[in-house]
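The chain contents come next:
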Amino acid sequence: MAVAALAVPSPSPSPAPRAGLLVVQPLRRKYCAGCRRGPLPMLVLEDAAPRCLACADLGHLVFLPRGDTALTRRSREESGLSAVVVRFNRRKGRYERQGVLVEEAALTRAEERCLADAEARRRRRTRDARRRAAQDEDFTRAFAAEILRLLPGCPGDRARRIAAHASLRGSGRVGRSAAGRALSEGAVVSAVVASVRHLDTPYDRLLMNGVPRHEARRRIAADVEARLRMWRVGADATNEAAP
């Protein structure tokens, strides 16, 4: 069976080609070009036309949603035929993995393997979680220390709150970026600027009143710079009440 690089027809772009089979959960109503069934919950693009799983010879596979990494990995190991299921996220502008299609017998064998070593994997997850928590605490302390080195007038409690917010694992904030993890001056100051913008200026109120974001930032830029300048020289910062 020749399967082309898969896509959902306009307006969604085509998913990037990758090894193995791809199945798409379409955002719009699609009908099979072969048997005319539909709308299709999943489809394969074959010869530039959408095909249902049955017509694409994948109808015997069962869907395993994402979420259990060990079960997904083992199911694909056990399955002679499998496919990755993706769906386009309009907000993020990219395709995201939703799960996999595997043989039903393979899923059963994978579940049995996971049950057999469930306790060992639970203990490993607990150890890993503790290790990550300790790493996060160390990094947050280092981030706060760098804030105080660059801006010695920033109150200590405020620096720690900024560091904790910016470095939260999985948040996508500046502290988790490559520059943030390297404690670059630009990333550290950006985290402080974001805090000052929201807590020490009328920025949020401007947004609530319908002021466009770029215009709101322009209006409060002088206030932000004044606060940073004060913290850089440490003027009366030790007595400042943090918001």
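Keep in mind that what you see is a predicted model, and the values were worked out from it rather than measured.

A. Region of the structure containing the overall build of the chain. A tally of regular secondary structure across the chain gives eight helices and six strands. For the chain, the N- to C-terminal ordering of α and β elements is β-β-β-β-α-β-β-α-α-α-α-α-α-α. Within the chain, the fraction of its 243 residues that count as buried is 38%. Taking all contacts inside the chain whose residues are at least 6 apart in sequence as the whole, residues at least 24 apart take part in 50%. Here the chain has roughly 14100 Å² of accessible surface; of this, 51% comes from carbon and sulfur atoms.

B. Inspection of the environment of Arg-132 at higher detail. With respect to the helices and strands, the residue Arg-132 is situated in helix 3 (residues 118–150). For Arg-132, a relative accessible area of 32% corresponds to the partly exposed category. Separated by 37 residues in the primary sequence, Arg-132 and Arg-169 place their C-alpha atoms 9.2 Å from one another.

C. The arrangement of the pattern of salt bridges in detail. The tally for this structure, following the rule as stated, stands at 22 salt bridges. Close ionic contact of Arg-227 with Asp-200 constitutes a salt bridge, the shortest N to O distance being 3.4 Å. Pair noted here: Arg-227 is in helix 8 (residues 213–233) and Asp-200 is in the loop between helix 6 (185–199) and helix 7 (203–208), with a separation of 27 residues, a long-range link. Counted as one network, the salt bridges with shared partners bring together Arg-73, Glu-77, Glu-78, Arg-109 and Arg-113.

D. Layout of the sheet that holds strand 5 (residues 83–89). Strand order in this open sheet of four strands is 1-5-6-4, and the pairing throughout is mixed. Of all strands in the sheet, those bounded by a partner on one side alone are strand 1 (21–24) and strand 4 (61–65). This sheet shows a mean twist of 40 degrees between the axes of neighbouring strands, independent of strand direction. Strand direction decides the pairing type here: strand 5 and strand 6 (residues 94–103), joined by seven bridges, are antiparallel. Within strand 6, the residue paired with Arg-87 across the bridge is Glu-96.

E. Helix 2 (residues 104–116), seen in detail. For helix 2, with 13 residues, the first-to-last C-alpha span of 19 Å sits near the 18 Å given by 1.5 Å per residue. Those residues of helix 2 that fall on the buried side of the exposure criterion are Ala-106, Leu-107, Ala-110 and Cys-114. Projected down its long axis, helix 2 carries its buried residues within an arc of 100 degrees, all on one side. For helix 2, the exposed residues lying more than 90 degrees away from the buried face are Glu-104, Glu-112, Leu-115 and Ala-116. In this structure, the buried residues of helix 2 make contact with strand 4, helix 1 (69–78), strand 6 and helix 3.

F. Inspection of the environment of Ala-105 at higher detail. Mapped onto the secondary structure, Ala-105 falls in helix 2. You can call Ala-105 partly exposed: its relative accessible area is 46%.

G. The arrangement of the packing of helix 3 against helix 6 in detail. Where helix 3 meets helix 6, the axes come as close as 10 Å, and the angle between the chain directions of the two elements is 90 degrees. Considering the angle they form, helix 3 stands roughly perpendicular to helix 6. Here Phe-143, Glu-146, Ile-147 and Leu-150 of helix 3 come into contact with helix 6, specifically with Glu-185, Ala-187, Val-188, Val-189, Ala-191 and Val-192.

H. Summary view of the packing of aromatic side chains. Within this structure, the stated rule accounts for two aromatic pairs. Taken together, a centroid distance of 5.9 Å and an interplanar angle of 65 degrees make the contact between Phe-139 and Phe-143 edge-to-face. With Phe-139 and Phe-143 both in helix 3, this residue pair falls four residues apart, about one helical turn. Both residues of the pair, Phe-139 and Phe-143, belong to the buried class. The cationic tip of Arg-197 hangs over the ring face of Tyr-203; the distance from NZ or CZ to the ring centre is 5.7 Å.

Calculation notes
- Counting restarts for each chain: residues are numbered from 1 in the order of the written sequence.
- Where totals are concerned, whole chains, interfaces and linings use all residues; where local detail is concerned, this predicted model gives features only for residues with pLDDT of at least 70, and gives and counts side-chain atom pairs only at 80 or more.
- As a convention, hydrogens and water are excluded, and side-chain values are obtained from all of the structure's heavy atoms.
- A run of DSSP states H or I qualifies as a helix once it reaches four residues; a run of E qualifies as a strand once it reaches two. Both are numbered from the N-terminal end.
- Under the scheme applied here, a residue whose accessible area is under 20% of the maximum for its type counts as buried, over 50% as exposed, and between as partly exposed, the area being computed with a 1.4 Å probe on protein chains only.
- By definition in these notes, contact holds between two residues if any of their heavy atoms fall within 4.5 Å.
- Residue burial considers only the protein chains on display, and all accessible areas are found by Shrake-Rupley using a 1.4 Å probe.
- Salt bridge criterion: a side-chain nitrogen from Lys or Arg within 4 Å of a carboxyl oxygen from Asp or Glu.
- By the convention used here, strands pair only if DSSP detects at least 2 bridges between them.
- Every angle, taken between N-to-C directions, lies between 0 and 180 degrees, and every axis is a line fitted to C-alpha atoms, over only the stretch in contact when it is a helix.
- Here, expected helix span is obtained from the residue count minus one, scaled by 1.5 Å.
- It is the directions from the helix axis to the C-beta atoms that the arc portrays.
- An angle below 35 degrees is read as roughly parallel, one above 145 as roughly antiparallel, one from 65 to 115 as roughly perpendicular, and any other as oblique.
- Only centres within 6.5 Å qualify two rings of Phe, Tyr or Trp (six-membered ring in Trp) as a pair; their planes then separate them into stacked at under 30 degrees, edge-to-face at over 60, and tilted for everything else.
- By definition here, charges over rings are those cases where NZ of Lys or CZ of Arg is within 6 Å of the ring centre and within 35 degrees of the ring normal.

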